[in-house]
Amino acid sequence: MSTVASHAKLIVPAGAALTVTVLTLALAVPGAGAQSIAPSRGGTALAARNGDNGTVKIHNSTTPVTDPRNEPHVCVFYLDAFGFDPGQSVSWQIKSWPPTGDRAVVSSGALVLDGNGDGHTGDMTLQNGHYKLFWNFAGEHGFAKQKVFWVACPAPTPTPTPTASPTPTPTVSPTPTPTVSPTPTPTPTASPTPTPTVSPSPSPSPPSPVPPAPAPSPVGTTLPVTG
């Protein structure tokens, strides 16, 4: 037998022995290097407890809480979390986000997850636009979990206002305006200028005849005649 053949026969048993030894150690210590992983509500494996495990989804209000989908186009919605640590405290904020928003906080809240690390908010809605969720929780080692989504609610259909039948307006006969006959302005009647009555001048009465003066009576004188 050659030297090469002898080496080959020796190598094979040595490799087989090493393989058997490794398998024996692995079976003898079943817990070494292994970790028990329980499925979460969403059907995904949980990471190590007390870490950044868990996920949060945006759900339409009609979507079951057990649905693992994320729905980024909603109207009325809620936040659904699962796979976090049992009883973990969570705080969240929603900010209006470009291109329609200015990064201002428009909604916020807090909740404590249940014994399975699950929980959800109540239904909510926002004005139509683009938003971003920031989900913080106790014991996180990285950044907040984030989700961007759109709120797009249809415009409400206006309820038609019943048209009231117009109440007929009674026709009011116009009150005849009495015709006022103009009061005739009396034309001043000029009183005739009275014609002065001229009394006829009395005709002069003929002079009464003056009786002739009586002739002087001779007066007897007693004076002496001188001469």
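The model shown is predicted, which means the values in this text are computed figures rather than measured ones. Chains are numbered independently. Their residues run from 1 in the order of the written sequence. pLDDT decides what is reported in this predicted model: residues at 70 or higher carry local features, side-chain atom pairs at 80 or more are listed and counted, and totals for whole chains, interfaces and linings draw on all residues regardless. Excluding hydrogens and water, the side-chain values take into account all heavy atoms of the structure.

**Digging into the pairing of strand β8 (residues 145–151)**
The condition is simple: Strands qualify as paired when DSSP identifies two bridges or more between them. Numbering goes from the N terminus for both helices and strands, where a helix is a DSSP run of H or I of at least four residues and a strand is a run of E of at least two.
Sheet topology places strand β2 (residues 73–74) next to β8; two bridges connect them, and they run parallel. Note on β8: the bridge partner recorded for V74 is V151. By the bridge criterion, seven bridges tie strand β7 (residues 129–137) to β8 in an arrangement that is antiparallel. Within the sheet, the bridge partner assigned to H130 lies in β8 and is W150.

**Some thoughts on the pairing of strand β3 (residues 77–82)**
Counted only if it meets this: Exposure is judged per residue with a 1.4 Å probe applied to protein chains only, and the accessible area is read against the type maximum: over 50% gives exposed, under 20% gives buried, and values in between give partly exposed.
Across the six residues that make up β3, a large majority, six, are buried. With six bridges connecting them, strand β1 (residues 55–60) and β3 associate as antiparallel partners. In the sheet register, N60 faces β3, and the bridge partner there is F77. Examined bridge by bridge, β3 and strand β6 (residues 119–120) share two bridges and lie antiparallel to one another. Note on β6: the bridge partner recorded for A81 is G119.

**Side note on the nonpolar core**
Note the cut-off: In this text, buried Ala, Val, Leu, Ile, Met, Phe, Trp, Tyr and Cys residues form a nonpolar core when linked through side-chain atoms within 4.5 Å. Only heavy atoms enter the contact rule, under which two residues are in contact if any of them lie within 4.5 Å.
F77, L79, W92, I94, L133, W135 and F149 are the most contacted members of the largest nonpolar core, which totals 20 residues. Taken together, the elements giving at least two residues each to this core come down to β1, β3, β4 (89–96), β7 and β8. At four residues, β7 tops the list of elements feeding residues into this core. Setting aside residues no more than four positions away along its own chain, F149 makes contact with I58, P72, V74, F77, I94, G129, H130, Y131, K132 and L133.

**What about the confidence of the model for the chain?**
Heads up, the condition is: Each residue carries a pLDDT score, the predictor's confidence in it, ranging from 0 to 100.
Averaged over the chain, the pLDDT score is 74; the fraction of residues at 70 or greater is 59%. Predicted confidence in the chain is weakest over helix α1 (residues 3–28), with a mean pLDDT of 41, and strongest over β2, with 98. Contacts from residues 1–40, a stretch scored under 50 in pLDDT, to residues over four places away or in other chains number eleven contacts. Every residue in residues 42–48 is under pLDDT 50, and counting partners more than four places away or in other chains gives 13 contacts.

**A look at the sheet that holds β8**
Strand order across the open sheet formed by five strands is β2-β8-β7-β4-β5, with mixed pairing between neighbours. The open sheet is flanked by β2 and β5 (105–112), the only strands paired with a single partner.

**As for the side chain of E71**
Looking at where E71 falls in the secondary structure, it is placed in the loop between β1 and β2. With a relative accessible area of 12%, E71 lands in the buried category. Non-local contacts of E71, meaning those with residues more than four positions away in its chain, are made with I58, H59, N60 and T63.

**Some remarks on unusual backbone geometry**
For the peptide bond that leads from P98 to P99, omega is 15 degrees, which places it in the cis range. Locating P99 in the fold gives a position in the loop between β4 and β5. Look at R103: it is not a glycine, yet its phi comes out positive at around 70 degrees. Residue classification places R103 among the partly exposed positions, given a relative accessible area of 47%.

**Concerning the sheet that holds β6**
Strand order in the open sheet formed by three strands is β1-β3-β6, with antiparallel pairing between adjacent strands. The open sheet has two edge strands with one neighbour each: β1 and β6.

**Notes on the pattern of salt bridges**
Under the convention used in this document: We define a salt bridge as a contact between a side-chain nitrogen of Lys or Arg and a carboxyl oxygen of Asp or Glu at a distance within 4 Å.
Applying the stated criterion across every chain yields a total of two salt bridges. Of the charged contacts, one joins D67 and R69 as a salt bridge, the two residues approaching to 2.9 Å between their closest N and O atoms. When its relative accessible area of 14% is taken as the criterion, D67 is described as buried. According to the relative accessible area criterion, R69 is partly exposed, its value standing at 47%.

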